[in-house]
Amino acid sequence: MNKIALLALLFFQLKATAQNQRPNIILFLIDDMGWMDTSVPFSDSLQPLNKRYHTPNMERLAREGVKFTNAYATPVCTPSRASLMTGINAAHHGITNWTSPLRDNPTDREDEEFDRANWNYNGYSGLTAVPHALQATPLPTLLNDAGYFTIHVGKAHWGSIGTPGANPYNLGFQVNIAGHSAGHPQSYQGKDNYGNIPGKASVQAVPDLQEYHGTETFLTEALTLEAIKSLKDPIDKKRPFFLHLAHYAIHDPLQPDKRFVQKYLDAGLPAQEANYASLIEGMDKSLGDLMNFLESNGVAENTVVLFMSDNGGLSLVPPRAGSAHIHNLPLRAGKGSVYEGGIRVPMLVKWPGKSKAGSISSQPVIIEDFFPSILEIAGIKQAKTQQQVDGKSFVSALTSPMVKNNPDRPLIWHYPNKWQAVDGPGINYYSAMRKGDWKLVYSMRQQKLELYNLKEDLGEQQDRALQHPDKVQELAKILSDQLRAWKAPMLNYKATGVPVPYPDGVKLPEKPKPNKAQLAWQEAELGVIFHYDLHVFDTSKYRQAENRIRPVANYQIFAPEQLNVEQWVLSAKAAGARFALITATHETGFALYPSDVNPYNVRQLKWRDGKADLLRDFVDACRKQGIQPGVYIGIRWNSFYGVHDFVVDGAPGSAMQKFRQQQYNKMVEGMVTEICTRYGPLFEIWFDGGASHPAKGAPDVLPIVKKYQPDALFYHNDQLAEARWGGSESGTVFYPCWSTFPYSHTGSGESAIPGISKNDYALLKEGDPIGRYWMPAMADAPLRGYNGRHEWFWEPGDEAHIFPVDKLVDMYYKSVGRNATLILGLTPDNRGLIPDQDAQRFSEFGQVIQKRFAVQKGAASGAGRQLIIKLPKTEQIQELVVQEKIQEGQRVRAFKIDALVKGKWQTLVNGSAIGHKFLHRLDQPVSASKIRLQITEAEEEPIISNFEVY
């Protein structure tokens, strides 16, 4: 053999040896697995949800490898899968939403405001040019060229039918098992042939796997068995392999894995949650089986295992149980959202001999980083790709997990699509960017920028945009510049064709201030609500749960023979009330005015020959007595029409039910129009339990109110709340109580989002000093709510449950005196009068308040951090009053009030919130010559409109 031939042989032997020494690579990709869907804690401590799930093999992988606690995917699946295969960010490759199995079929839902963005809805087509598809060099092709045997098992979902991306073979895989264009299985059950039943199969039916048809083999198990089979040949031939095992689990349908589900049912989980947990444990068993196979075949020490999810955990109800958007706590929201719950995912990597066992990396990484990382692991340098790669290798974090490589690198998410019919937290038309600990969130629909510090606020509950406008501006520019450079898909307004602004074109948030209606409402301080309905006349106890579903048998019982609505108003006035509301309709659906659209009203009564109009009597009496009139409208329940939580009775989705719902909505909108146009200016319009959202199928009331009653306080629906319920019907709020709130609406009790409902609705009770919406608190209570009863409607024999005067006065200090508006319930009886005991108690209450604040000893006002009241002589002081000029916002964060007593300053009270009014009554009067207010902390220069002592 000549020398040249010997050298050539040696070269090829060395190349073959090098290939054999290259590590095998397994990418274990899970569908829709959230950050908390595991017993492995990815946060700083074990969370409640970690205790629910059982994933011992993930725990094993975490012990043997590196746990990445700041790993991200995109909000939904296809964009993540395309980014992983190409190394391109979703905003750059243009596949911003999940793709349909069918070609040329954009998956965006129709929207009234926006045209569909021009995104790549046919998905990823490999190196082949396809309209509305990404063309880029696939990762498996590069691995093939480097000598790897490439295997795909499970969910593919890269491209639509009729495009190359529908078939993994076209993306460089040498083996494909069960991968096609669909994004979830028709069935997980082998006995259902995974959906391949003649006459019933859909495009979601999982291909291949015929060996397991008709058996009890769960889909996750079948894919695992096939993956293990596929590895035997490259192992026997000592050829490096790349296995892309992409489970369909834990995507819906949430079907039970019978091997594991019973223990979760036994633990008390609802069926949907037990099914979900069983899918997770079945996935985890797959991971364990695969790692055991590697060990038993002697290749574990030369195999890199990467574990990743394609988006955050599903948190919609249904198919999940419980309340929506709580299934990834402490992270906010879930799949489809740009908040952390939708994009932060579990990630584990084990590289034997390279990664440090049991270590943790907090380096932020994103799914496109897998492309360059896997190439580096495979020893492929300077790979030739058609595309510009956005991802950055995280391999250095495996060997030095404590070192953060480029920690301030911007990570970007862009979702100019409509995923769900109803917008949710971070869902539909959002972009976001993380840079270091700061995260910017951009709502395209609301034209709103939010700022969060993830180090301090992992749950994204404290929007810091108002406090850090420079940071907002900085991040908005970086995000916008990158979206422009990438030519990211953007939206146009449907009505005008005008493009939606980039984030840097959005007006920076302003400090929240009250509008005209809110200012008047807060200045009114005390109001009354009169509950009057058919229940008052039926002589039985009011039982809300029953009365919401059972119509009153005979509406002719409504006959208040001594009706005197002016007496009601005078009773309210005696307590010092400045506004009053009446229940125009309540849960029976019976209207107290003659409606042309709701036949169930006073016009049908024999009483007064059907010519009564209590709403007219009420507004006239209010205006005569100088009281502002308002209206309470009950639309959430209607026992007469069979409406429960806004939904009309009937088979869900049936033609009859849909028609009846449309008619009910039309009737409600007509009633609101009647009330808003017939009775003059109204002070407040209060929808019982809120008015939901038209996108949820509820009546569309907000535009009607704003058109005909622009100066009325709107309270409330799932679009807007100009005031908020104070979290209880005790007539009190917490202290401090801020007039600002982090959300534009509050939901209705049990339907409130987790950020509002948690800790027994503490946010409603306290508000949020850095909230960006002006939403003052309402404290409400019925007068007959004392000593074990809580009645908004009159019932005979309830006089013992009227609040004593001292309790009412205490309410006043803990509501009005804590920057809230107090609304007390008065109960007209079946005669049509406020009972004497109730009217007397209201009068007594008003007299006490009037007496306490009758003789002012001194006052001051002005801007600045200190005000001093100089008394003409030493005076006895017991009542302290402080008010901010809330027209300029609520600026004070901390203050104290001192008294000069015998030449020495003595602190009387320390406080935080002032707002419209802060009241403090000293336990004992103090003799002082001066009273001093010192503002110790404020957002801007404080402006005190009133500082008084009595």
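Residues numbered from 1 in each chain as written. Predicted model: local features only at pLDDT ≥ 70, side-chain atom pairs only at ≥ 80, totals over all residues. Heavy atoms only, no water.

Some details on helix 14 (residues 516-524)
Part 1 of the argument: Inspection of helix 14 places Ala517, Gln518, Leu519, Trp521, Gln522 and Ala524 among the buried residues, and these make up the whole buried set.
Part 2 of the argument: You can read the cap of helix 14 off the contacts: a side-chain oxygen lies 3.1 Å from the backbone nitrogen of Ala517, and it is on Asn515.
Part 3 of the argument: Backbone geometry just after helix 14 places Glu525 at a positive phi near 70°. (Buried < 20%, exposed > 50% of the residue type's maximum accessible area, 1.4 Å probe, protein only. Helix = DSSP H or I, 4+ residues; strand = E, 2+ residues; numbered from the N terminus. Polar contact = N/O pair within 3.5 Å; in protein donor to acceptor, adjacent residues only side chain to side chain.)

Let's talk about the sheet that holds strand 13 (residues 448-453)
The strands that make up a sheet pair up through hydrogen bonds in the backbone, lying either parallel or antiparallel.
Part 1 of the argument: Strand order in the open sheet formed by 4 strands is 10-11-12-13, with antiparallel pairing between adjacent strands. Because the sheet does not close on itself, it has two edges, and the strands there are strand 10 (411-415) and strand 13. Mean inter-strand twist for the sheet, computed between neighbouring axes without regard to direction, equals 10°.
Part 2 of the argument: Taken together, the 6 bridges between strand 12 (residues 438-443) and strand 13 define a ladder with antiparallel strand orientation. Looking at the pairing, Leu440 lines up with Leu451 of strand 13. (Pairing = 2+ DSSP bridges. Axes fitted to C-alpha atoms, helices over the stretch in contact; angles between N-to-C directions.)

Observations concerning the packing of helix 3 (residues 56-64) against helix 9 (residues 271-296)
Part 1 of the argument: Following both chains from N to C, one finds helix 3 and helix 9 inclined at 50°, their axes separated by 7 Å at the closest point. Taken together, the axes of helix 3 and helix 9 are oblique relative to one another. Counting all contacts with helix 3, which are made through Pro56, Asn57, Met58, Arg60 and Leu61, the residues of helix 9 involved are Met283, Asp284, Lys285, Leu287, Gly288, Met291, Asn292 and Glu295.
Part 2 of the argument: Grouping the amino acids of the contact of helix 3 with helix 9 by side-chain chemistry returns 6 nonpolar, 3 polar and 4 charged. (Parallel < 35°, antiparallel > 145°, perpendicular 65-115°, else oblique. Contact = heavy atoms within 4.5 Å. Nonpolar A, V, L, I, M, F, W, Y, C, P; charged D, E, K, R; others polar.)

Regarding the packing of aromatic side chains
Part 1 of the argument: Across all of its chains, the model carries 40 aromatic pairs by this definition.
Part 2 of the argument: Here Phe173 and Phe242 contribute two aromatic rings whose centre-to-centre distance is 6.3 Å and whose plane-to-plane angle is 15°, an arrangement assigned as stacked. Separated by 69 residues along the polypeptide, Phe173 in the loop between strand 3 (149-154) and strand 4 (175-177) and Phe242 in strand 5 (residues 241-246) bring together distant segments of the chain.
Part 3 of the argument: According to the relative accessible area criterion, Phe242 is buried, its value standing at 0%.
Part 4 of the argument: Among the aromatic residues, those joined into a cluster by ring pairs are Phe530, Tyr532, Phe537, Tyr555, Phe558, Trp568, Phe590, Tyr600, Trp607, Phe618, Phe640 and Tyr641.
Part 5 of the argument: We note Lys67 situated over the ring of Phe42; from NZ or CZ to the ring centre the distance is 5.8 Å. (Phe/Tyr/Trp six-rings, centres within 6.5 Å; stacked < 30°, edge-to-face > 60°. Lys NZ or Arg CZ within 6 Å of the ring centre and 35° of its normal.)

Quick word on the packing of helix 21 (residues 805-813) against helix 22 (residues 836-852)
Part 1 of the argument: Helix 22 packs onto helix 21 with a crossing angle of 55° between their chain directions and a minimal axis gap of 9 Å. By the criterion of interaxial angle, the relationship of helix 21 to helix 22 is oblique. Viewed along their axes, helix 21 and helix 22 form a crossing whose handedness is right-handed. Contact with helix 21, carried on its side by Val805, Leu808, Val809, Tyr812 and Tyr813, involves Arg841, Glu844, Phe845, Val848, Ile849 and Arg852 of helix 22 and no other residues of that element.
Part 2 of the argument: Its residues assigned to classes, the contact of helix 21 with helix 22 shows 8 nonpolar, no polar and 3 charged. (Left-handed = near helix turned anticlockwise from the far one by under 90°.)

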